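# Residue-level structure breakdown
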Amino acid sequence: MNDAVLYEVRDGVAVITFNRPDRLNAWSPALHHGYFTSLDRAAADPGVRVIVVTGAGRGWCAGADMDVLQGIGDAGGFGDDDGQPSDRPEWKHTHAMTIPKPVIAAINGACAGLGFVHALACDLRFAAEGAKFTVAFGRRGLIGEWGMSWTLPRLVGQAVALDLMMSSRVFLAEEAKELGVVNRVVAPDQLMDETLAYAADLAANVSPTSMAIMKQQVYTHPQMPIDDALAESIRLMEESVRRPDFKEGVASFVEKRP
């Protein structure tokens, strides 16, 4: 890793921390490289079952560093590390949705622009009370970046997505919960404890294979015709009952043990 991103594993949970607190963890080339390297590391580690992403200090990620944005404008285009999807051969995963493990954002503060994009790419989002959110792109002459036009309407619907994207207005964690952007709103001093407790419960008590397949189902089945989605669900269920995970899941319940 590098100093811009911290990485540690606790009881089957990988914690990835954006570590530019003096800039509210604004996206930079070092953060970009450290984040995707960390995601790949967690995805490849069989000892990691759940991933939590948070920010150091007062912000989660306040969007692209203004120095980077100015450089993009001067150069007339993106560089390799400006936050866009990457085809670098050393990275297997270029966003969190392709990782076959739950990725949970613990949003401790400002979540804007490119930071908001990466939060939406996580599977679940827990936010601190009063955390500020904004799309921001329209006010910088940009558009719905890096798949936001796919992720955001799925969470909040087309009309709300257009409001948030076009206005780029600031909204707080409490409204984000009402709209469906975040799953939970937690007191700031309890955010990491509650997020890690949730993640640890998944790591200890839920089949990793089940979580991987359910994640794939949720991201792909809504785009299928209903008959195709049902047929694939039946096939996947038939496969699941033949796995050791199923026997263990039933046995642990009957024997009243973890």
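What counts as what
Residues numbered from 1 in each chain as written. Predicted model: local features only at pLDDT ≥ 70, side-chain atom pairs only at ≥ 80, totals over all residues. Heavy atoms only, no water. Helix = DSSP H or I, 4+ residues; strand = E, 2+ residues; numbered from the N terminus. Buried < 20%, exposed > 50% of the residue type's maximum accessible area, 1.4 Å probe, protein only. Contact = heavy atoms within 4.5 Å. Areas by Shrake-Rupley, 256 points an atom, 1.4 Å probe, with all protein chains shown as cover. Polar contact = N/O pair within 3.5 Å; in protein donor to acceptor, adjacent residues only side chain to side chain. Pairing = 2+ DSSP bridges. Axes fitted to C-alpha atoms, helices over the stretch in contact; angles between N-to-C directions. pLDDT = per-residue confidence, 0-100. Parallel < 35°, antiparallel > 145°, perpendicular 65-115°, else oblique. Left-handed = near helix turned anticlockwise from the far one by under 90°. Nonpolar A, V, L, I, M, F, W, Y, C, P; charged D, E, K, R; others polar. Core = buried A, V, L, I, M, F, W, Y, C linked by side-chain atoms within 4.5 Å. Salt bridge = Lys/Arg side-chain N within 4 Å of Asp/Glu carboxyl O.

It is worth spelling out the overall build of the chain at this point. Looking only at helices and strands, one finds 10 helices and 10 strands in the chain. Expressed as a percentage of the 258 residues in the chain, the buried residues total 46%. Considering only contacts within the chain whose residues lie at least 6 apart along the sequence, 71% involve residues at least 24 apart. Accessible surface, the chain as shown: approximately 13,000 Å² in total, 56% of it carbon and sulfur.

Its location among the elements puts Arg-235 in helix H9 (residues 226–240). A polar atom in the side chain of Arg-235 sits 2.9 Å from the side chain of Glu-239.

Here we come to the sheet that holds strand S4 (residues 59–61). Taken in spatial order, the four strands of this open sheet run S4-S6-S8-S9, and their pairing is mixed. Across the chains shown, the open sheet's two edge strands, defined by having one partner strand only, are S4 and strand S9 (171–172). Where strand S8 (residues 132–134) lies against S9, two bridges are found, and the strand directions are antiparallel. Note on S9: the bridge partner recorded for Phe-133 is Phe-171. The strands touched by helix H3 (residues 114–121) are S4, strand S6 (110–112), S8 and S9; relative to S6, the strand with the most contacts, the crossing angle is about 95°.

Taken over all residues, the pLDDT of the chain has a mean of 87, while the share at 70 or more is 86%. Every residue in residues 71–78 is under pLDDT 50, and counting partners more than four places away or in other chains gives six contacts. Counted against residues more than four places away or in other chains, residues 81–85, with its pLDDT under 50, gives 19 contacts.

Turning to the pairing of strand S1 (residues 5–10), a few remarks are in order. Direction of pairing for S1 relative to strand S2 (residues 13–18): antiparallel, over a ladder of six bridges. In the sheet register, Val-5 faces S2, and the bridge partner there is Phe-18. As consecutive antiparallel partners, S1 and S2 are separated by two residues, and within that stretch Asp-11 has a phi angle of approximately 50°, a positive value.

A separate point is the sheet that holds S2. As summarised here, the arrangement of the six strands in space is S1-S2-S3-S5-S7-S10, forming an open sheet in which the pairing is mixed. Of all strands in the sheet, those with a lone pairing partner are S1 and strand S10 (184–186), marking the two edges. Strand-to-strand twist of the sheet, defined as the mean angle between neighbouring strand axes without regard to direction, takes the value 20°. Sheet analysis places strand S3 (residues 50–55) next to strand S5 (residues 103–107), joined by four bridges and oriented parallel. Its bridge partner being in S5, Thr-54 is matched across the sheet by Ala-106. On the sheet, helix H1 (residues 29–44) packs against S1, S2 and S3 and is oriented at approximately 20° with respect to S1.

Interaxial distance between H3 and helix H4 (residues 148–156) falls to 10 Å at its minimum, and their mutual angle equals 60°. Comparing their axes, H4 and H3 come out oblique. As H3 runs across H4, the sense of the crossing is left-handed. The residues of H4 that touch H3, namely those facing Phe-116, Val-117 and Leu-120, are Met-148, Thr-151, Leu-152 and Leu-155. Residue classes in the contact of H3 with H4 are distributed as six nonpolar, one polar and no charged.

So, on to the nonpolar core. Judged by nonpolar contacts, the single largest core of 50 residues is most densely connected at Tyr-35, Phe-116, Phe-133 and Leu-152. By size, the runner-up hydrophobic cluster in this structure holds 16 residues, among which are Ile-104, Ala-128, Leu-196 and Met-211.

In this section: unusual backbone geometry. One non-glycine residue, Leu-24, lies in positive phi territory at about 50°. With respect to the element layout, Leu-24 can be found in the loop between S2 and H1. On the accessibility criterion, Leu-24 (23% relative accessible area) is partly exposed.

Our focus in this paragraph is the pattern of salt bridges. Summed over the entire model, instances satisfying the criterion amount to 10 salt bridges. Among the ionic pairs, Arg-169 bridges to Asp-163, the shortest N-O distance being 3.0 Å. Residue Arg-169 is classed as partly exposed on the basis of its relative accessible area of 25%. A relative accessible area of 30% means that Asp-163 is categorised as partly exposed. Each of Glu-232, Arg-235, Glu-239 and Arg-243 takes part in one network of salt bridges that share partners.

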